[in-house]
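Examination of the molecular architecture
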Amino acid sequence: WNRIGIVDLRHYFRLGARSAFANRLFGYFSGGLEPQRIYFGGSWNFRGYDRREFYNRKILFMSNELRFPLIDALLIGFPIGGMDFRAIRGALFFDTGSAWDDEFDQFLGSYGFGFRVSLGYLILLRFDFAKTTDFHTSSPSFDFNFFFGWNF
């Protein structure tokens, strides 16, 4: 028998008309005779780490993100027309989590800042600059992460 459990809880605290504090808790467990491992990391989940940094069957992850407005509308003009970007937002974030198979090792983290550019109601471009940490030391420089899709 195989067992798989997935939890993905999200909560948003409104701080104003255009600002929010977003929280996400994600858990994954797979056990049995043929447990399923999943890739975890990268700009979609654990910012600052490689996209396929973790390949495990147990994952516990939490993300916190403060979202706030930066620029409401930006029009860039060219001789043959212009480009209009709306709802450019800023973000400060802190992620923490762990991935393991048999024995839990330790929690890791990442923190940083980012920008979001809306391309409509559902799609956005997300640019994040993250430092990773083991809670004793931090990476010496920021890693750049890009994501095309949606916010959590």
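Refer to the structure presented above.
Residues numbered from 1 in each chain as written. Predicted model: local features only at pLDDT ≥ 70, side-chain atom pairs only at ≥ 80, totals over all residues. Heavy atoms only, no water.

Topic: the overall build of the protein
Which entries qualify depends on this criterion: Each helix is a run of H or I in the DSSP string that is no shorter than four residues. Each strand is a run of E no shorter than two, and both are numbered from the N terminus. Only protein chains enter the accessibility calculation, which uses a 1.4 Å probe; a residue is then buried when its area is under 20% of its type maximum, exposed when over 50%, and partly exposed in between. Surface exposure here means Shrake-Rupley accessible area, sampled with a 1.4 Å probe, where a residue is shielded only by the protein chains that are shown. Asp and Glu count as negative and Lys and Arg as positive, but His and the ends of the chain are not part of the count. Where a charge lies is defined by one atom per residue type: Lys uses NZ, Arg uses CZ, Asp uses CG and Glu uses CD.
When you go through the protein residue by residue, the secondary structure sums to 0 helices and 9 strands. The secondary structure elements of the protein, listed N-terminal to C-terminal, are β-β-β-β-β-β-β-β-β. Taken over the C-alpha atoms alone, the protein extends approximately 65 × 35 × 35 Å along its principal axes. Residues classed as buried in the protein amount to 41% of the 152 residues present. Looking at the protein as shown, the accessible area adds up to about 9400 Å², and 62% of this sits on carbon and sulfur atoms. Where the 17 positive side-chain charges of the protein centre and where its 15 negative ones centre are 8 Å apart.

Details of the nonpolar core
Condition: Remark: nonpolar core denotes a set of buried residues (Ala, Val, Leu, Ile, Met, Phe, Trp, Tyr, Cys) joined through side-chain atoms within 4.5 Å. Any pair of residues with heavy atoms lying within 4.5 Å of one another is described as a contacting pair.
Core analysis: the largest hydrophobic core is formed by 10 residues, namely Phe26, Tyr28, Phe40, Phe46, Tyr49, Phe54, Ile59, Phe61, Ala99 and Leu108. Among the elements of the structure, strand S2 (20-32) and strand S5 (58-78) are those that each provide at least two residues to this core. Other than its neighbours up to four places away in sequence, Tyr28 contacts Ile4, Gly5, Ile6, Gln36, Ile38, Asn56, Arg57, Lys58 and Ile59.

Some remarks on the pairing of S5
Applicable threshold: Here a strand pair is declared whenever DSSP counts at least two bridges between the two strands.
Where S2 lies against S5, 10 bridges are found, and the strand directions are antiparallel. Along S5, the bridge assignment pairs Phe26 with Phe61. Here S5 runs beside strand S6 (residues 81-100); their pairing, made up of 19 bridges, is antiparallel. Within S6, the residue paired with Glu65 across the bridge is Phe93.

Some thoughts on the side chain of Asp101
Our working rule: Polar contacts, as counted here, are pairs of nitrogen or oxygen atoms within 3.5 Å of one another; within protein the pair requires one atom able to donate a hydrogen and one able to accept it, and residues that are adjacent in sequence qualify only if both atoms are side-chain atoms.
Inspection of the secondary structure assignment puts Asp101 in the loop between S6 and strand S7 (108-118). A polar atom in the side chain of Asp101 sits 3.5 Å from the side chain of Arg37. Within the structure, the side chain of Asp101 is placed 3.0 Å from the backbone nitrogen of Arg57, a separation counted as a polar contact. Once residues within four sequence positions are removed from consideration, Asp101 is found in contact with Arg37, Tyr55, Asn56, Arg57 and Lys58.

Considerations on the environment of Gly90
When you line up the elements, Gly90 lands in strand S6. Sequence separation between Gly90 and Ser138 is 48 residues; the distance between their C-alpha atoms is 22 Å. Once residues lying within four places of it in the same chain are set aside, the contact partners of Gly90 are Leu66, Arg67, Phe68, Leu70 and Gly114.

Overview of the packing of aromatic side chains
Counted only if it meets this: Here the aromatic set is Phe, Tyr and Trp, taking the six-membered ring for Trp, and pairing holds for ring centres within 6.5 Å; pairs whose planes are under 30 degrees apart are stacked, those over 60 apart are edge-to-face, and all others are tilted.
By the definition in use, this model includes 19 aromatic pairs. Between the aromatic rings of Phe26 and Phe40, the centroid separation amounts to 5.9 Å while the plane-to-plane angle is 5°, which identifies the pairing as stacked. You can see Phe26 sitting in strand S2 and its partner Phe40 sitting in strand S3 (residues 38-40), a full 14 residues away along the chain. Taken as a pair, Phe26 and Phe40 share a single burial class, namely buried. Centroid distance Phe94 to Phe135: 6.2 Å. Interplanar angle 65°. Geometry classified as edge-to-face.

Comments concerning the sheet that holds S7
What links the strands of a sheet is backbone hydrogen bonding, and the strands pair in either a parallel or an antiparallel sense. Worth spelling out the cut-off: In this analysis an axis means a line fitted to C-alpha atoms, helices contributing only their contacting stretch, and an angle means the value between N-to-C directions, from 0 to 180 degrees.
Read across the sheet, 7 strands follow the order S1-S2-S5-S6-S7-S8-S9 without closing on themselves; strand pairing throughout is antiparallel. Edge positions in the open sheet fall to strand S1 (2-14) and strand S9 (143-149), since each of these has one partner strand only. The average undirected angle you get between the axes of adjacent strands in this sheet is 20°. With 11 bridges connecting them, S6 and S7 associate as antiparallel partners. Directly across from Leu92, in S7, lies its bridge partner Phe113.

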